[in-house]
Amino acid sequence: MAIFKYISLTVLCLVMSGCSEQRIEDHKIMKPTFSLSEFFKGPLKAEGIVYGFSGNPTRYFHADLHGEQNGNVITLKEDFIFKDGEKSQRTWLLTLKNDFEFSGTAHDVVGASEGRQLGNAVNMKYILRVPYGDSTIDLSMDDWMYLMDEKTVLNRTSMNKFGIKVGELFLVIRKAS
């Protein structure tokens, strides 16, 4: 009888945890509809906060972004300026596979990202190689963007190592006026 209770509890935990993970399909009917091609066209401005594993803010930054499309490839250039004066750059090449799926590459991304867009949301999962002391570490990124209106995207990214959340990023991206 004890083993039955253990199995029942385990199944219940798995069912409950499975229900808690966000899915792109959950955003299908949400408006306005997010189009990477439309939003990441031209100049954009962003402000963000990086949170450490404890949930406390560790870094603040601003970014200038510029996107352009050539065929099914969106080039998104990002120039970051952190509050402590550090500067960094990333250039994404986002390849649209169809209206729903895309992939992306950048110099500090291991392999290619896999992304999907549906309704007002975009989700991209990838491995980001980040500086750590005199070396680097690879973090699993679960990147969610939500189109709030035609000029504003909210971005929330969970950063994990060995399946354990080590940080989070929150970013507001706006079309430059």
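Residues numbered from 1 in each chain as written. Predicted model: local features only at pLDDT ≥ 70, side-chain atom pairs only at ≥ 80, totals over all residues. Heavy atoms only, no water.

A.B. asks: Mind showing me how you'd approach the pattern of salt bridges here?
C.D. replies: Should their charged atoms come close, side chains of opposite charge can pair. Scanning the model with the defined rule gives 14 salt bridges in all. A salt bridge links lysine 45 to aspartate 64; the nearest nitrogen and oxygen atoms lie 2.7 Å apart. Taken as a pair, lysine 45 in strand S1 (residues 42-52) and aspartate 64 in strand S2 (residues 57-70) lie far apart in primary sequence, 19 residues in all. One salt bridge in this structure joins aspartate 138 and arginine 129, with 2.7 Å as the shortest N-O distance. A cluster of three or more residues bridged by salt bridges with shared partners is formed by Arg59, Asp84 and Glu86. (Salt bridge = Lys/Arg side-chain N within 4 Å of Asp/Glu carboxyl O. Helix = DSSP H or I, 4+ residues; strand = E, 2+ residues; numbered from the N terminus.)

A.B. asks: Explain the environment of aspartate 143 here, please?
C.D. replies: Within the secondary structure layout, aspartate 143 lies in strand S8 (residues 135-149). In the structure, aspartate 143 is positioned 14 residues away from threonine 157 in sequence and 4.2 Å away in space, judged by C-alpha atoms. When neighbours within four sequence positions are excluded, aspartate 143 is seen to be in contact with Val122, Asn123, Met124, Tyr126, Asn155, Arg156 and Thr157. Engagement of the side chain of aspartate 143 in a polar contact is seen with the side chain of tyrosine 126, the distance being 3.3 Å. (Contact = heavy atoms within 4.5 Å. Polar contact = N/O pair within 3.5 Å; in protein donor to acceptor, adjacent residues only side chain to side chain.)

A.B. asks: Can you help me understand the sheet that holds S8 in this one?
C.D. replies: Sheet strands pair via backbone hydrogen bonds, and the direction of the pair is either parallel or antiparallel. Strand order in the closed barrel made by the 10 strands is S1-S2-S3-S4-S5-S6-S7-S8-S9-S10, with antiparallel pairing throughout. Mean inter-strand twist for the sheet, computed between neighbouring axes without regard to direction, equals 25°. Bridging between S8 and strand S9 (residues 152-161) involves 9 bridges; their strand directions are antiparallel. Counted as the bridge partner of methionine 145 is asparagine 155 from S9. (Pairing = 2+ DSSP bridges. Axes fitted to C-alpha atoms, helices over the stretch in contact; angles between N-to-C directions.)

A.B. asks: What am I meant to see in the nonpolar core here?
C.D. replies: One broad trend across soluble globular proteins is that nonpolar side chains are buried collectively. In this structure, Phe34, Leu36, Phe39, Phe40, Trp92 and Ile173 are the most contacted members of the largest nonpolar core, which totals 34 residues. Among the elements that line this core, the one with the most residues is strand S7 (residues 121-132), at 5 residues. (Core = buried A, V, L, I, M, F, W, Y, C linked by side-chain atoms within 4.5 Å. Buried < 20%, exposed > 50% of the residue type's maximum accessible area, 1.4 Å probe, protein only.)

A.B. asks: Just to check I follow, could you spell out the packing of aromatic side chains for this structure?
C.D. replies: In this description, an aromatic ring pair is defined by two values, namely the gap between the centres and the angle between the planes. A full pass over the atoms with the stated rule returns 8 aromatic pairs. Between phenylalanine 61 and phenylalanine 80, the ring centres sit 5.7 Å apart and the planes meet at 70°, which makes this aromatic pair edge-to-face. Residue phenylalanine 61 is found in strand S2, and its partner phenylalanine 80 is found in strand S3 (residues 73-82); the two are separated by 19 residues along the sequence. Assigned by exposure class, phenylalanine 61 and phenylalanine 80 land together as buried. Connected via pairs of aromatic rings, a cluster forms that spans Phe34, Phe39 and Phe40. Note that arginine 59 overlies the ring of phenylalanine 82, its terminal NZ or CZ placed 3.9 Å from the centroid. Seen from the ring of phenylalanine 39, lysine 175 lies directly overhead, with NZ or CZ sitting 5.3 Å from the centre. (Phe/Tyr/Trp six-rings, centres within 6.5 Å; stacked < 30°, edge-to-face > 60°. Lys NZ or Arg CZ within 6 Å of the ring centre and 35° of its normal.)

A.B. asks: Mind showing me how you'd approach the pairing of strand S5 (residues 101-105) here?
C.D. replies: In the case of a regular strand, side chains alternate between the two sheet surfaces. Pairing geometry for strand S4 (residues 87-96) and S5, over 4 bridges, is antiparallel. Pairing of leucine 93 across the sheet is with threonine 105, part of S5. Where S4 folds back onto S5 in an antiparallel hairpin, the turn is made up of 4 residues. By the bridge criterion, 4 bridges tie S5 to strand S6 (residues 109-118) in an arrangement that is antiparallel. Of the residues in S6, the one forming a bridge with phenylalanine 102 is glycine 115. A loop of 3 residues connects S5 with S6, the two strands running antiparallel in sequence.

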